[in-house]
Amino acid sequence: MKPLDLARQAAQGDRRALAQLLSWVEDDCPEGRAALSALVEPAQPACVIGITGSPGCGKSTLVDALIAHLRQQDLSVAVLAVDPSSPFSGGAILGDRIRMSRHFLDPGVFIRSLASRGSLGGLAPGVPAALRLFGAVGFPWVLIETVGVGQSEIDVAEIADLCALVLSPATGDGIQAFKAGILEVADVVVINKADLDGALELEREVKATLALSSEPPPVLRTVALSGEGVDQLYAVLSQLWTTLRDTGGLQQRRRRRTRYEVAAALRQLASQALAGAEAVFEAVEDGRLSAQAAAERLLAQRHQQG
Ligand SMILES: Nc1nc2c(ncn2[C@@H]2O[C@H](COP(=O)(O)OP(=O)(O)O)[C@@H](O)[C@H]2O)c(=O)[nH]1
Ligand SMILES: [Mg+2]
């Protein structure tokens, strides 16, 4: 089927068409680009929420609870899991998969996992394009779960509209969170596993640290397993989202995402240009060519080939 027909079908709610488009977008095929350019974002943009935090803090469970909450209000939701250990990507224990599977048959829920590619960590190159696709086919809510390790948690804050940092008393997050500097990019901090010892202490610790910043994000407690606190989390996210949309902040965030996307494309071009460039490296080593001139030459060659 033609990309444009598929795009139209996906926008009308056809999940198979959406899955096909997403594969194209992920692989950066010409078909995917054609479909994306044919789709326009609806007047109401999708709210894209990044959910990050250490492995085991309860992100997938929280995503599951958020999906349930959104569905109760008849809001459709797309979920992108970039966490290799996520039950969505098949990496989790059986119990989790069974719990998540209740959403798999719901036509209002679209779940897809993307492997995080590249040894440097970070997000798969197709993630920002996938977000654009979800927005264009009319999902009001999009959740991205990412493993809170390395570059990916900073990356997710660059491409999401809002970023929720999940901490839990069970994962030794107190020290970790402050070390990583991720607190600065969080729009909301969720203390999950509030049913466990140490949750209140962790909350105090986090609030004390945040008190030093000029605009401390809200901090709230959840028990993702039972759904406790998820309604408050939803209320806070909705409020932040409305403010963002109505104050021009959203435009800034979207620009940041575009910048991230273009920067990623530039890095990809650069690494393609470096393949098979031994002769140019030799010229630089011999002093016949400056590194700057070599870079320009490689990019120009790449351009001619491409
Ligand atoms: N006690 C308790 N356990 C939870 C809670 N939320 C998640 N868990 C458990 O923590 C473990 C890791 O959860 P998961 O959602 O896979 O974490 P992720 O790695 O951050 O996605 C699972 O065994 C969950 O059942 C909670 O609120 N309280
Ligand atoms: Mg997970």
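**What to know about the coordination of the magnesium ion (ligand 2)**
Phase 1: With distances of 2.1 to 2.2 Å, the protein atoms coordinating the magnesium ion (ligand 2) are S60 (OG) and E145 (OE). With S60 in helix α4 (residues 59-72) and E145 in strand β4 (residues 141-145), this residue pair connects regions lying 85 residues apart in the sequence.

**Things to note about the site of ligand 1**
Phase 1: Taken together, 18 residues lie around ligand 1, and G56, K59, T61, K193 and D195 are the ones closest in.
Phase 2: At a separation of 2.7 Å, an oxygen atom of ligand 1 approaches a polar backbone atom of G56.
Phase 3: At 2.9 Å from an oxygen atom of ligand 1 is found a main-chain nitrogen or oxygen belonging to S60.
Phase 4: Taking 580 Å² as the accessible area of ligand 1 by itself, protein coverage stands at 81%.
Phase 5: Counting residues per element, the ones that place at least two in the shell around ligand 1 are α4 and α5 (94-101).
Phase 6: When grouped by side-chain class, the residues that make up the shell around ligand 1 number six nonpolar, six polar and six charged.

**So, the packing of helix α1 (residues 3-11) against helix α2 (residues 15-26)**
Phase 1: Packing of α1 against α2 leaves a shortest axis separation of 8 Å and a crossing angle of 125°. The angle between α1 and α2 falls in the class oblique. In the packing of α1 onto α2, the handedness of the crossing is left-handed. Contact with α1, carried on its side by P3, L6, A7, Q9 and A10, involves A17, L18, Q20, L21 and W24 of α2 and no other residues of that element.
Phase 2: Class assignment of the residues belonging to the contact of α1 with α2 gives a composition of eight nonpolar, two polar and no charged.

**Things to note about a nonpolar patch on the surface**
Phase 1: Residues V262, L266, L269 and L299 make up a contiguous nonpolar surface patch of about 340 Å² in total accessible area.
Phase 2: Among the elements that take part in the nonpolar patch, helix α11 (residues 249-274) stands out by supplying three residues, more than any other.
Phase 3: Within the secondary structure, L299 sits in helix α13 (residues 291-305).

**Points about the nonpolar core**
Phase 1: V127, L133 and F134 are the most contacted members of the largest nonpolar core, which totals 39 residues.
Phase 2: Elements supplying a minimum of two residues to this core: α1, α2, α3 (30-38), β2 (77-81), α6 (127-136), β4 and α7 (151-159).
Phase 3: Among the elements that line this core, the one with the most residues is α6, at seven residues.
Phase 4: Both domains that furnish three or more residues to this core are identified here as domain 1 (1-38) and domain 2 (40-247).
Phase 5: Apart from the residues lying within four places of it in its own chain, the contact partners of V127 are L80, V82, L114 and I159.
Phase 6: Counting 30 residues, the second largest nonpolar core, distinct from the first, contains I51, V63, A65 and L250.

**Thoughts on the side chain of D187**
Phase 1: Mapping D187 onto the fold places it in the loop between α8 (173-180) and β6 (188-191).
Phase 2: On the basis of relative accessibility, which here comes to 15%, the residue D187 falls in the buried class.
Phase 3: A polar contact of 2.7 Å, which involves the side chain of D187, links it to the backbone nitrogen of C163.
Phase 4: Within polar-contact distance, the side chain of D187 engages the side chain of R253 at 3.1 Å.

**Re the environment of L298**
Phase 1: In this fold, L298 is placed in helix α13.
Phase 2: With 22 residues separating them along the chain, L298 and G276 place their C-alpha atoms 10.0 Å apart.
Phase 3: Setting aside residues no more than four positions away along its own chain, L298 makes contact with A273, L274, A277 and V280.

**Here's the deal with α3**
Phase 1: Residues G32, A35 and L36 constitute the buried set of α3. Viewed end-on, α3 has its buried residues packed into an arc of 100°, placing them on one side of the element. Residues of α3 that are exposed and angled more than 90 degrees away from the buried face: P30 and S37.
Phase 2: Tucked inside the fold, the buried residues of α3 contact α1, α2 and α6.

Conventions we followed
Residues numbered from 1 in each chain as written. Chains lettered and ligands numbered in written order. Predicted model: local features only at pLDDT ≥ 70, side-chain atom pairs only at ≥ 80, totals over all residues. Heavy atoms only, no water. Donors = N, O, S within 2.8 Å, 3.2 Å for Na, K, Ca; no water. Helix = DSSP H or I, 4+ residues; strand = E, 2+ residues; numbered from the N terminus. Near = heavy atom within 4 Å. Polar contact = N/O pair within 3.5 Å; in protein donor to acceptor, adjacent residues only side chain to side chain. Areas by Shrake-Rupley, 256 points an atom, 1.4 Å probe, with all protein chains shown as cover. Nonpolar A, V, L, I, M, F, W, Y, C, P; charged D, E, K, R; others polar. Axes fitted to C-alpha atoms, helices over the stretch in contact; angles between N-to-C directions. Parallel < 35°, antiparallel > 145°, perpendicular 65-115°, else oblique. Left-handed = near helix turned anticlockwise from the far one by under 90°. Contact = heavy atoms within 4.5 Å. Patch = residues over 30% accessible without salt bridge, like charges linked within 9 Å, V, L, I, M, F, W, Y side chains within 5 Å. Salt bridge = Lys/Arg side-chain N within 4 Å of Asp/Glu carboxyl O. Core = buried A, V, L, I, M, F, W, Y, C linked by side-chain atoms within 4.5 Å. Buried < 20%, exposed > 50% of the residue type's maximum accessible area, 1.4 Å probe, protein only. Domains from an automatic or database assignment. Arc of directions from axis to C-beta.

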